[in-house]
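Notes for the structure review
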Amino acid sequence: MGLTYQRSAKRVLRANFVNSPASDYIVALAGNPNTGKSTVFNALTGLKQHTGNWPGKTVIQAYGNYRYKGKMITLVDLPGTYSLFTNSPEEEVARDFICFGEPDVTIVVVDATCLERNLNFVLQVMEITPKTIMCLNLIDEARRRNIHIDYKKLQDKLGVPVIPTAARNGEGLNQLKDTVNRLASGLICPNPRQLRYEDSIEKTIEELAAELIPTLQDRINKRWIALRLIEGDYSVIASIKKYLGSSTFKEEFEYGTDTPRMGCFK
Amino acid sequence: MYTTEETTLANLPLGRRGIVKSLDAEGIIRRRLLDLGLIPGTVVEPIRKSPAGDPIAFKIRGAVIALRLEEGHRVCVRPL
Amino acid sequence: MGQTPQEWVVLNDVVHKAETFRNLQGENIHDKIVSNIYAEAESLVSDVVELTNIKKDWDHRIDDIVTSRIFGYPLMLVLLGVVFWLTITGANYPSALLADLLFGLEERFTRLFQILGAPAWLHGLVVLGTYRSLAWVVSVMLPPMAIFFPIFTLLEDLGYLPRVAFNLDRAFKRVGAHGKQALTMSIGFGCNAAGVLAARIIDSPRERLIAILTNNFVPCNGRFPTLILISTIFIGAGVASTYGNMAASAMVIGLVLVGISVTLLVSRVLSRTLLRGEPSLFSLELPPYRKPQVGRVIVRSFLDRTIFVLGRAVVIAAPAGTITWILANVYIGDLSIVAHAAGWLEPFGQALGLDGIIVLAFLLGLPANEIVIPIMLMSYLAAGAMLELNSLSAMRELLVSQGWTWVTALNVMLFSLLHFPCGTTLLTIRKETGSFKWTVLSAVITTAIAIVVCFLIAQGARIFDLV
Ligand SMILES: Nc1nc2c(ncn2[C@@H]2O[C@H](COP(=O)(O)OP(=O)(O)OP(=O)(O)O)[C@@H](O)[C@H]2O)c(=O)[nH]1
Ligand SMILES: [Mg+2]
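Residues numbered from 1 in each chain as written. Chains lettered and ligands numbered in written order. Predicted model: local features only at pLDDT ≥ 70, side-chain atom pairs only at ≥ 80, totals over all residues. Heavy atoms only, no water.

The next subject is the overall build of chain C. Helices and strands together make up the secondary structure of chain C, namely 19 helices and 4 strands. Principal-axis analysis of the C-alpha atoms gives chain C an extent of 90 × 60 × 55 Å. For chain C, the proportion of its 467 residues judged to be buried stands at 55%. Long-range pairs, those at least 24 residues apart, make up 76% of the contacts in chain C with a sequence separation of at least 6. Here chain C has roughly 20,500 Å² of accessible surface; of this, 69% comes from carbon and sulfur atoms. Looking at charge distribution, chain C has the averaged site of its 33 positive side-chain charges lying 3 Å from that of its 32 negative ones. (Helix = DSSP H or I, 4+ residues; strand = E, 2+ residues; numbered from the N terminus. Buried < 20%, exposed > 50% of the residue type's maximum accessible area, 1.4 Å probe, protein only. Contact = heavy atoms within 4.5 Å. Areas by Shrake-Rupley, 256 points an atom, 1.4 Å probe, with all protein chains shown as cover. Lys, Arg positive; Asp, Glu negative; His and termini not counted. Charge placed at Lys NZ, Arg CZ, Asp CG, Glu CD.)

Structure below.
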């Protein structure tokens, strides 16, 4: 019962966002505006999402599929945002997808020429989900400007895979696809660097997270939800009610039986 | 204007770097400014003005971001 | 199981505890969280990034010119002019070539129908209705679009658009709107429905609504070639041929400037009446210029546009041609349906310096702006003598024989620029605003302005005896 419950619940939550029963993995593309998410999306799926050198080109998420090593992967191109704190509808869309859509992998596309600003976003995603890949894009631009990034070291420090790419020229994309499959199938278990807050906040996070267990069970990152509640972001409550309380959830739960899948979400 | 007294971002002359001291904003505007990286301790540099003098583009944590005078006045800085 | 009310109670309880903690803390916890994350990012960067002899980039120098006090605005105009001039000049030849080809084919089709002994109505419906409308749209719309868009995409990929918004924000601020509205307007050149969608980049609902309601004042893909066509045959043809294209470009720039002025004016009125409120935060990132992949961009965007225009020609223009031909050739009493309707609209059209058929064409063109010109031409042709319409001068002759003057030409262009959004755009506005009221208002505001402007010009010209 336990397993069935988890799996079907997972599928159902996701059904709020993607309806793609044929695909093996759902992968989200997130990141700051203008970092090349749509370019990565196009390069992987062969589709033609519009791209352009200005922040805000993509305002509606797009879906596309590709095959890699026998797996069918559905890729979701999210609108670019500066943060995942919900101050705008786009940010809420991106946050809800990453948190409640429970993608098998979230690729954060990052502008290598502007790492600090982009890492800010990566760290926020890593707070929600460990199944994060950092796609260090525009590496050609960084090279041209003599910016050297020790990405091996960065990968060690972050605890999630870091893949340098130049999506426009196709550089690094095979490695990206490979990493997606390995992370989604559980061959890699990331150990993301946890942000620590001051003791009083940490203590409250722990308390609240424990109390959230009956409501959220093991579906959503309770630490992250607790943190949002502490800082007073109530939109997250609305989203919990929306996605976990929806009627589809109940129905599907009663009938759903799915084969369990490998994963490393605890 | 080459003092080191606190002023606002909008008053900083072009090319003169400043360090963010505090934000005079609440709610959504404060959150947005923080998202842009305007956190106390951040070094900012005004780099160009629009032809009409407003908005002004600043170098903030590696990116060039334009803000209107109104927003610029909400950020207290100490010139460096 | 699922989520029982019991669990919501627990959730509310947790929310309450979080609130208590926040109140106890006193300090802004969100600030702490953000600072903490940025501090972490900073320390990571200092560990893994190394800069060797930083190259001074071109960006700086390009921006010095592009946003300069002296050159900033003129440069925008010059760029706009160059783009239009390239479009108009470049489109002339392929346009003529396509017209020759497609109307040559029309003759063959006609002969084929004669050989087969097909009835006249069938020939009319298929060749003079469906095929001809398709041929017009392809020869008139395709070349300018297939040239304009690759150039526009190059500017977009280079990173010029955010600079436009940077330069223009001051004007938008003055009228209580958001500078990113300039970006939504740029997208509007491609398609107003896309421009309306792009308004999502504006966070504040008030300013977003202003951008949505005014996007239509930018001539889209379907109207832009109409403006070019009429400018070329009425303005361009009036000047010595070497300067013809320049005069036509100047006319189109003039119209775009009218569109921008009306946008600002309407934004101002809206932000002082229905959409009053505080300006929201304006922040605009100016990304570094990036070298576009010139060859690839040109080929891709050329093909994209070609497929787009051809697709719309087949899906919309061809059926519209069929319907129009029927309307223009089915008689009730001794007048065709078109003639009845046009006769009824004639007084209104005349008051605006247009005529009944023009007004009818705009009304029937609601589904898509591309079909306005084909409908107009087809209706004129059915009413008058059969003409070979395979060249610009033939088109000019036809229009003049139908009583067109420079006032008619000007007002058709202005009406096209200012009138109600096309069906797709209206649906998009409905979806984006979620409100029927705003959708109707978007059509009412635009059409009212179009009517007033055309009326004033027509009456002015009459009073001062300029026609
Ligand atoms: N040189 C270089 N340019 C790239 C690369 N990837 C993307 N670009 C360019 O960067 C610009 C932005 O790319 P997009 O894919 O539109 O970025 P995005 O992240 O989808 O942007 P938003 O939708 O606005 O959030 C485009 O002009 C691309 O051509 C790359 O690897 N190298
Ligand atoms: Mg995009």
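Right, picking up where we left off after that structure.
Another point: the sheet that holds strand β4 (residues 56-60) of chain B. Reading across the sheet, the 7 strands line up as β1(B)-β6(B)-β2(B)-β3(B)-β4(B)-β5(B)-β2(C) and stay open at both edges, with antiparallel pairing between neighbours. A strand with exactly one partner marks an edge of an open sheet, and here the two such strands are β1 (7-8) of chain B together with β2 (283-285) of chain C. Pairing analysis gives 2 bridges linking strand β2 (residues 18-23) of chain B to strand β3 (residues 43-49) of chain B, with the strands arranged antiparallel. Bridged to B:Ile19 within β3(B) is B:Val43. In the packing of helix α6 (residues 161-174) of chain C onto the sheet, contacts are made with β3, β4 and β5 (63-67) of chain B together with β2 of chain C, and the angle to β2(C) comes to roughly 150 degrees. (Pairing = 2+ DSSP bridges. Axes fitted to C-alpha atoms, helices over the stretch in contact; angles between N-to-C directions.)

The full count for this structure, using the stated rule, is 5 cavities of 30 Å³ or more. By volume, the largest cavity is sized at about 80 Å³. Along the walls of the largest cavity sit 13 residues, with A:Pro33, A:Thr35, A:Asp111, A:Asn118 and C:Glu285 positioned nearest its centre. Here the residues of the lining of the largest cavity are counted per class, giving 5 nonpolar, 4 polar and 4 charged. Of the voids in this model, the second largest cavity is the one considered here, and its volume is about 40 Å³. In this structure, the second largest cavity is lined by C:Leu229, C:Ile230, C:Ile233, C:Ile373, C:Met376, C:Leu377, C:Met395 and C:Leu399. (1 Å grid on protein atoms, 1.4 Å probe; cavity = no way out; pocket = protein on both sides within 12 Å on 5 of 7 lines; lining within 4 Å. Points joined across faces, edges and corners; volume = space filled by probe spheres on them. Nonpolar A, V, L, I, M, F, W, Y, C, P; charged D, E, K, R; others polar.)

What follows concerns the side chain of B:Thr8. One can find B:Thr8 in strand β1. Those residues in contact with B:Thr8, other than ones at most four positions away along the chain, are B:Gly72, B:His73, B:Val75, B:Cys76 and B:Val77.

Approximately 1,300 Å³ is the volume found for the second largest pocket. Around the second largest pocket, the lining comprises 39 residues; the ones closest to its centre are A:Thr113, A:Arg145, B:Lys59, B:Gly62 and B:Ala63. Mapped onto the lining of the second largest pocket, the elements with two or more residues apiece are α4 (115-128) of chain A, β3, β4 and β5 of chain B together with α2 (29-48), β1 (49-51) and α3 (58-66) of chain C. Examining the composition of the lining of the second largest pocket, we find that 5 residues originate from one element, β3(B), more than from any other.

Moving on to a nonpolar patch on the surface. All names here are of chain C. A cluster of nonpolar side chains, contributed by Val78, Val82, Trp85, Leu86, Tyr243 and Met246, occupies part of the molecular surface with about 580 Å² of accessible area. When contributions to the nonpolar patch are tallied by element, the ones reaching two or more residues are α4 (72-116) and α11 (241-272). Of all the elements, α4 adds the most residues to the nonpolar patch, at 4 residues. You can see methionine 246 is positioned in helix α11. (Patch = residues over 30% accessible without salt bridge, like charges linked within 9 Å, V, L, I, M, F, W, Y side chains within 5 Å. Salt bridge = Lys/Arg side-chain N within 4 Å of Asp/Glu carboxyl O.)

Our focus in this paragraph is the coordination of the magnesium ion (ligand 2). Residue and element names in this part refer to chain A. Those protein atoms acting as donors to the magnesium ion (ligand 2) are Ser38 (OG) and Thr58 (OG1), and they sit at 2.0 Å. With serine 38 in helix α2 (residues 37-45) and threonine 58 in the loop between α2 and β2 (62-68), this pair connects stretches of sequence that are 20 residues apart. Considered together, serine 38 and threonine 58 belong to a single accessibility category, that of buried residues. (Donors = N, O, S within 2.8 Å, 3.2 Å for Na, K, Ca; no water.)

Okay, the pairing of β4(B) next. When a strand is regular, its side chains alternate between the sheet's two faces. Residues and elements named next belong to chain B. In terms of residue burial, β4 counts as a mostly covered element, since 4 of its 5 residues are buried. What sits between the antiparallel neighbours β3 and β4 is a turn of 6 residues, in which glycine 53 has the positive phi angle 90 degrees. Counting the residues between successive antiparallel strands, the hairpin from β4 to β5 contains 2 residues, one of them, arginine 61, with a positive phi of roughly 45 degrees.

Running from amino to carboxyl end, helix α6 (residues 151-158) of chain A crosses α2(C) at an angle of 145 degrees, the nearest separation of the two axes being 9 Å. The way α6(A) lies across α2(C) gives a crossing that is right-handed. Packed against α6(A), whose contacting residues are A:Lys153, A:Leu154, A:Lys157 and A:Leu158, the element α2(C) presents C:Leu44, C:Asp47 and C:Val48 at the interface. Class assignment for the residues of the contact of α6(A) with α2(C) results in 4 nonpolar, no polar and 3 charged. (Left-handed = near helix turned anticlockwise from the far one by under 90°.)

That is the geometry; function is a separate question.
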